[in-house]
Amino acid sequence: MSTPHIEAERGAYAKTVLMPGDPLRAKFIAETFLTDAVQVNGVRGMLGFTGKYKGVPVSVQGSGMGCPSMGIYSYELYHFYDVENIIRIGTTGSIREDLKVGDLVMAMGACTTSNFAAQYHLPGLFASTASFPLLKTAEAIAAARKDLHCVVGNVLSADVFYDDVSPVEDWRKMGVLAIEMEANALYCNAARAGKQALAMFTVSDELLTGASASAAERQTAFTAMMEVALDTAAAL
């Protein structure tokens, strides 16, 4: 069995999948943290791997950028590969003063400028949220680490990376923590499929100050986020 975007056979993915946007980050995670890792997807260069972390089967699959790309890959994993849990790991731009480069953000909810949920023809606006069991487990794991500042709350999944008119102040006034591009589609797909999802992010840019992570900071902070996600997968 395969899909238009994934060449793997059924059973090739573990029940829990980590999804970075960058397929090369998926490769890094597989090579750095997983034992007995094998590549299960390479279609369109969107790499996927399955191995074990602390003896527990775990997969990692690139999602690409934006709600449409995340929508495709998470849908296929949930519906065609029997995946139960997807944990998105990515970067974000913070829009709150106390969220600094290297901090960890967990998306309890995902506001959006995307029209992704329009497909469901709901008689109102859908509030896309994380799965509480995943969020509770991941937050406890992050809180136990002395090297991480973790904040849980609302994020914005934006359709536009380069805005002509900045939306930062309007969303900041509503308590939104940070801006990214994929969580809303993931949460919608999980809700519709009756599966679980969580999105967590490392702050790579502070949109209020203009500060951004150095190459060294990105490597260290991203690795910490990966470990939190992997430990969450192992705890399920």
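Residues numbered from 1 in each chain as written. Predicted model: local features only at pLDDT ≥ 70, side-chain atom pairs only at ≥ 80, totals over all residues. Heavy atoms only, no water.

Quick look at helix 3 (residues 132-143)
Line of reasoning, step 1. Given a rise of 1.5 Å per residue, 12 residues ought to cover 16 Å, and the 16 Å separating the end C-alpha atoms of helix 3 matches this to within 8%.
Line of reasoning, step 2. Among all positions of helix 3, only Leu134, Leu135, Ala138, Ile141 and Ala142 are buried. All buried residues of helix 3 fall inside an arc of 135° around its axis, so they share one side. Opposite the buried face of helix 3, at more than 90 degrees from it, the exposed residues are Phe132, Lys136 and Ala143. (Helix = DSSP H or I, 4+ residues; strand = E, 2+ residues; numbered from the N terminus. Expected span 1.5 Å × (residues − 1). Buried < 20%, exposed > 50% of the residue type's maximum accessible area, 1.4 Å probe, protein only. Arc of directions from axis to C-beta.)

Digging into the side chain of Glu76
Line of reasoning, step 1. By secondary structure assignment, the location of Glu76 is in helix 2 (residues 66-80).
Line of reasoning, step 2. Of the side chains bearing the opposite charge, Arg44 lies closest to the buried Glu76, which forms no salt bridge; the N-O distance is 8.6 Å.
Line of reasoning, step 3. Side-chain polar atoms of Glu76 contact the side chain of His5, separated by 2.6 Å.
Line of reasoning, step 4. Not counting residues up to four positions away in its chain, the partners in contact with Glu76 are Thr3, Pro4, His5, Ile6 and Tyr81. (Lys, Arg positive; Asp, Glu negative; His and termini not counted. Salt bridge = Lys/Arg side-chain N within 4 Å of Asp/Glu carboxyl O. Polar contact = N/O pair within 3.5 Å; in protein donor to acceptor, adjacent residues only side chain to side chain. Contact = heavy atoms within 4.5 Å.)

Here we look at the pairing of strand 7 (residues 150-157)
Line of reasoning, step 1. With 8 bridges connecting them, strand 6 (residues 104-112) and strand 7 associate as parallel partners. Bridge pairing in strand 7 places Gly109 opposite Asn154.
Line of reasoning, step 2. Assessed by its sense of winding, the connection that carries the chain from strand 7 through helix 4 (residues 168-173) to strand 8 (residues 178-180) is right-handed. (Pairing = 2+ DSSP bridges. Right-handed = clockwise from strand over helix to strand, strands pointing away.)

A word on the nonpolar core
Line of reasoning, step 1. Formed by 67 residues in total, the largest nonpolar core has its most connected members in Tyr13, Leu18, Leu77, Ile89, Tyr187 and Met200.
Line of reasoning, step 2. Ranked by the residues each element gives to this core, the list is headed by helix 6 (residues 215-235), at 8 residues.
Line of reasoning, step 3. Ile89 has contacts with Leu18, Met19, Pro20, Gly21, Ile29, Met200, Met225, Met226 and Ala229, leaving out every residue within four places of it along the chain.
Line of reasoning, step 4. Listed in part, the 6 residues of the second largest apolar core include Ile95, Leu156, Val168 and Val176. (Core = buried A, V, L, I, M, F, W, Y, C linked by side-chain atoms within 4.5 Å.)

Considerations on empty space enclosed by the protein
Line of reasoning, step 1. Applying the stated criterion across every chain yields a total of 1 cavity of 30 Å³ or more.
Line of reasoning, step 2. Considered as a void within the structure, the largest cavity measures approximately 40 Å³ in volume.
Line of reasoning, step 3. Residue lining of the largest cavity: Ser94, Arg96, Glu97, Leu99, Lys100, Glu206, Leu207, Leu208 and Thr209, and that is the complete set.
Line of reasoning, step 4. Residue classes in the lining of the largest cavity are distributed as 3 nonpolar, 2 polar and 4 charged. (1 Å grid on protein atoms, 1.4 Å probe; cavity = no way out; pocket = protein on both sides within 12 Å on 5 of 7 lines; lining within 4 Å. Points joined across faces, edges and corners; volume = space filled by probe spheres on them. Nonpolar A, V, L, I, M, F, W, Y, C, P; charged D, E, K, R; others polar.)

Brief notes about the packing of aromatic side chains
Line of reasoning, step 1. Applying the stated criterion across every chain yields a total of 4 aromatic pairs.
Line of reasoning, step 2. Relative to Phe33, the ring of Phe28 lies with its centre 6.5 Å away and its plane at 85°, an arrangement referred to as edge-to-face.
Line of reasoning, step 3. Overall, Phe28 belongs to the partly exposed group, its relative accessible area being 28%.
Line of reasoning, step 4. An angle of 70° between the planes, with centres 6.1 Å apart, marks the rings of Tyr75 and Phe80 as edge-to-face.
Line of reasoning, step 5. Residue classification places Tyr75 among the partly exposed residues on the basis of a relative accessible area of 38%. (Phe/Tyr/Trp six-rings, centres within 6.5 Å; stacked < 30°, edge-to-face > 60°.)

Some points on the environment of Tyr187
Line of reasoning, step 1. Mapped onto the elements, Tyr187 comes out in helix 5 (residues 183-193).
Line of reasoning, step 2. Looking at Tyr187, the relative accessible area reads 1%, which means it is buried.
Line of reasoning, step 3. Between the alpha carbons of Tyr187 and Thr129 there is a distance of 6.0 Å; along the sequence they are 58 residues apart.
Line of reasoning, step 4. The contacts of Tyr187, once residues within four sequence positions are left out, are Ala107, Met108, Gly109, Ala110, Ser128, Thr129, Ala130, Ala197, Leu198 and Ala199.

With respect to the side chain of Arg88
Line of reasoning, step 1. Residue placement: Arg88 occurs in strand 5 (residues 85-94).
Line of reasoning, step 2. For Arg88, the contacting residues outside a window of four places in its chain are Met19, Gly21, Met70, Glu180, Glu182, Ala183, Leu186, Leu198, Ala199, Met200 and Phe201.

Considerations on the layout of surface pockets
Line of reasoning, step 1. Quantified by volume, the largest pocket comes out at close to 690 Å³.
Line of reasoning, step 2. Together, 29 residues line the largest pocket, and Thr91, Phe161, Ile179, Glu180 and Met181 are the ones closest to its centre.
Line of reasoning, step 3. For the lining of the largest pocket, the secondary structure elements donating two or more residues are helix 1 (23-33), strand 5, strand 8 and strand 9 (196-206).
Line of reasoning, step 4. Top contributing element to the lining of the largest pocket by residue count: strand 5, with 5 residues.

Nothing here speaks to function; it is all geometry.
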